[in-house]
Number of protein chains: 2
Amino acid sequence: MNTRFAVATHILIILQAQQGVPASSELIASSVNTNPSLIRRLMSQLAKAGLTTSQMGTGGGALLARPGEEITLLDVYQSVDDESSLFGIHADPNPACPIGRHIPPVFKAHMQATERALLAELARTTIASMAAEVAMNENNLRADATETA
Amino acid sequence: MNTRFAVATHILIILQAQQGVPASSELIASSVNTNPSLIRRLMSQLAKAGLTTSQMGTGGGALLARPGEEITLLDVYQSVDDESSLFGIHADPNPACPIGRHIPPVFKAHMQATERALLAELARTTIASMAAEVAMNENNLRADATETA
DNA sequence: TAATATGTATCCATTTCTAATACATATTGC
DNA sequence: GCAATATGTATTAGAAATGGATACATATTA
């Protein structure tokens, strides 16, 4: 599986944490530990989906296009993943086989039902809530470090 | 995405339709439209998971190890897909980044919840019911052909 | 003993994914 | 206006995953 969904989520959590200050692709790439080009390519998809906007020039970078409370994992997933990727299917069973020729439509129908369950679950989590979890983990980490010292 | 899950399902539906008559990897490969080696590789995993058994020698082949009514898509999915494949994640965010270093655990937690929803949906469908759908589609096809003729 | 069929290993071509680089374009600040 | 900064996109190349194909030892049947 590719990591586009995970990296896109990573990007948006950073933007949420930035609280309105633009983040450059270089800054984000440093957090993700990849190169700015990949970030900009993903950002392009997020922008097309209406999740982010960008500002060029000095002090520029990316911003959330709407509040993190109103962006769910479903939005992220659908913006970076082309629809047909979750469950692959063999394209060309033997058309002369009375069983094989019916597998694709039957299998696809069940996979669509499955995918609906998955999308519904994704819609229950927002970028804002994930950013809050990240912040809480960081606070706990710092508190532990202080106690130990 | 790979097609292992789809092909494994295809195999099991054929075995269900065989009603106890062993199916050779060559017969199955002809229906799937691939080579027998791939079928045998998948079958090996299905056998390890306890879904099928095999008989060598003349007239041999694969059989369902238990009734198709007691094999769900969840069983199939888990037997051919290594657990960590559904949602990929970038392995190494910057450990010095107070946000980036918390992304993997937070993301994984949500993906586990999502995957649970998916698995629950898969568990609702059996090989027997899918085989029945395939048979019904085939009957409809033949009925249409007769009417037209 | 010959024929059939599995189970597994190996090799190869294709595709997919990511890294890296380059460059045109837009915006900021002096 | 000009230099610096940053995006948006194209292109190339390398790595990894996937499936196709072949080979062969082993087991079973007749």
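Residues numbered from 1 in each chain as written. Chains lettered and ligands numbered in written order. Predicted model: local features only at pLDDT ≥ 70, side-chain atom pairs only at ≥ 80, totals over all residues. Heavy atoms only, no water.

K.L.:
Requested: an account of the protein's contact with DNA strand D, with residues and values cited.
P.N.:
Ser25, Arg40 and Ser44 of chain A together with Thr3 and Thr34 of chain B are the nearest of the 25 residues found near DNA strand D. Backbone atoms, meaning sugar and phosphate, form 60% of the atoms of DNA strand D found within 4 Å of the protein. In this structure, a phosphate oxygen belonging to DNA strand D sits 2.9 Å away from a side-chain N or O atom of Ser44 of chain A. Elements that contribute at least two residues to the surface near DNA strand D include exactly helix 3 (36–48) and strand 1 (52–55) of chain A together with helix 3 (36–48) of chain B. (Near = heavy atom within 4 Å. Polar contact = N/O pair within 3.5 Å; in protein donor to acceptor, adjacent residues only side chain to side chain. Helix = DSSP H or I, 4+ residues; strand = E, 2+ residues; numbered from the N terminus.)

K.L.:
If you had to explain the side chain of Thr114 of chain B to someone new, which residues and values would you point to?
P.N.:
Here Thr114 of chain B lies in helix 5 (residues 103–122). Under the relative-accessibility criterion, Thr114 of chain B is labelled buried at 2%. Leaving out residues up to four positions away in the same chain, Thr114 of chain B has contacts with Leu118, Glu121 and Leu122 of chain A together with Phe87 of chain B. (Buried < 20%, exposed > 50% of the residue type's maximum accessible area, 1.4 Å probe, protein only. Contact = heavy atoms within 4.5 Å.)

K.L.:
Outline the nonpolar core, supporting the account with residue identities and numerical values.
P.N.:
Judged by nonpolar contacts, the single largest core of 81 residues is most densely connected at Phe5 of chain A together with Phe5 of chain B. Look past the residues within four positions of Phe5 of chain A in its chain and what remains in contact with it is Leu73, Val76, Tyr77, Val80, Asp81 and Leu122 of chain A together with Phe87, Phe107 and Met111 of chain B. (Core = buried A, V, L, I, M, F, W, Y, C linked by side-chain atoms within 4.5 Å.)

K.L.:
Would you mind going over the protein's contact with DNA strand C in detail, with residue names and values included?
P.N.:
Residues in close proximity to DNA strand C total 26 residues, the closest being Thr3 and Thr34 of chain A together with Ser25, Arg40 and Ser44 of chain B. What you see for DNA strand C is that sugar and phosphate hold 63% of its atoms within 4 Å of the protein. Contact between DNA strand C and Ser37 of chain A: a base oxygen at 3.0 Å from a side-chain N or O atom of the residue. Here a base nitrogen of DNA strand C and a side-chain polar atom of Ser37 of chain B are 3.3 Å apart. Counting residues per element, the ones that place at least two in the surface near DNA strand C are helix 3 of chain A together with helix 3 and strand 1 (52–55) of chain B. The element contributing the most residues to the surface near DNA strand C is helix 3 of chain A, with four residues. Looking at the surface near DNA strand C, its residues break down into four nonpolar, 18 polar and four charged. (Nonpolar A, V, L, I, M, F, W, Y, C, P; charged D, E, K, R; others polar.)

K.L.:
Describe helix 6 (residues 127–148) of chain A, with residues and values.
P.N.:
With 22 residues, helix 6 of chain A should reach 32 Å at 1.5 Å per residue; the first-to-last C-alpha distance of 32 Å fits that figure. Within the sequence span of helix 6 of chain A, burial applies to Ile127, Ala128, Met130, Ala131, Val134 and Glu138 of chain A. Down the axis, helix 6 of chain A shows its buried residues gathered within 165 degrees of arc, on one side only. Of the exposed residues in helix 6 of chain A, those oriented more than 90 degrees away from the buried face are Asn139 and Glu147 of chain A. In this structure, the buried residues of helix 6 of chain A make contact with helix 1 (4–18) and helix 4 (73–80) of chain A together with helix 5 of chain B. (Expected span 1.5 Å × (residues − 1). Arc of directions from axis to C-beta.)

K.L.:
How would you explain the packing of helix 2 (residues 25–32) of chain A against helix 3 of chain A if you had to name every residue and give the values?
P.N.:
All names here are of chain A. Direction vectors running N to C along helix 2 and helix 3 enclose 110 degrees, while the axes themselves pass 8 Å from each other. Overall, the two elements helix 2 and helix 3 adopt an arrangement that is roughly perpendicular. Contact residues: helix 2 offers Ser25, Glu26, Ile28, Ala29 and Val32, while helix 3 offers Pro36, Ile39, Arg40 and Met43. (Axes fitted to C-alpha atoms, helices over the stretch in contact; angles between N-to-C directions. Parallel < 35°, antiparallel > 145°, perpendicular 65-115°, else oblique.)

K.L.:
Just give me the short version of the relation of the copies chain A and chain B, but keep the residues and values in it.
P.N.:
For the pair chain A and chain B, the relating rotation is 180 degrees, the translation along its axis is 0.0 Å, and the fit reaches an RMSD of 0.1 Å. Taken together, these values place the two copies in the relation of a two-fold axis. Residues of chain A ranked by C-alpha distance from the rotation axis are headed by Leu118 of chain A, positioned 2.7 Å from it. An overlap of 100% is found between the interface residues of chain A and their copies at the interface of chain B, pointing to a shared contact surface. (Least-squares fit on C-alpha atoms with pLDDT ≥ 70 in both.)

K.L.:
Could you give an account of the pairing of strand 1 of chain B, with specific residues and numbers?
P.N.:
Regular strands place their side chains on alternate faces of the sheet. Residues and elements named next belong to chain B. Here four bridges tie strand 1 to strand 2 (residues 61–64), and the two strands are oriented antiparallel to one another. Within strand 2, the residue paired with Thr52 across the bridge is Leu64. The turn linking strand 1 back onto strand 2 is made up of five residues, and Gly57 within it adopts a positive phi angle of 85 degrees. (Pairing = 2+ DSSP bridges.)

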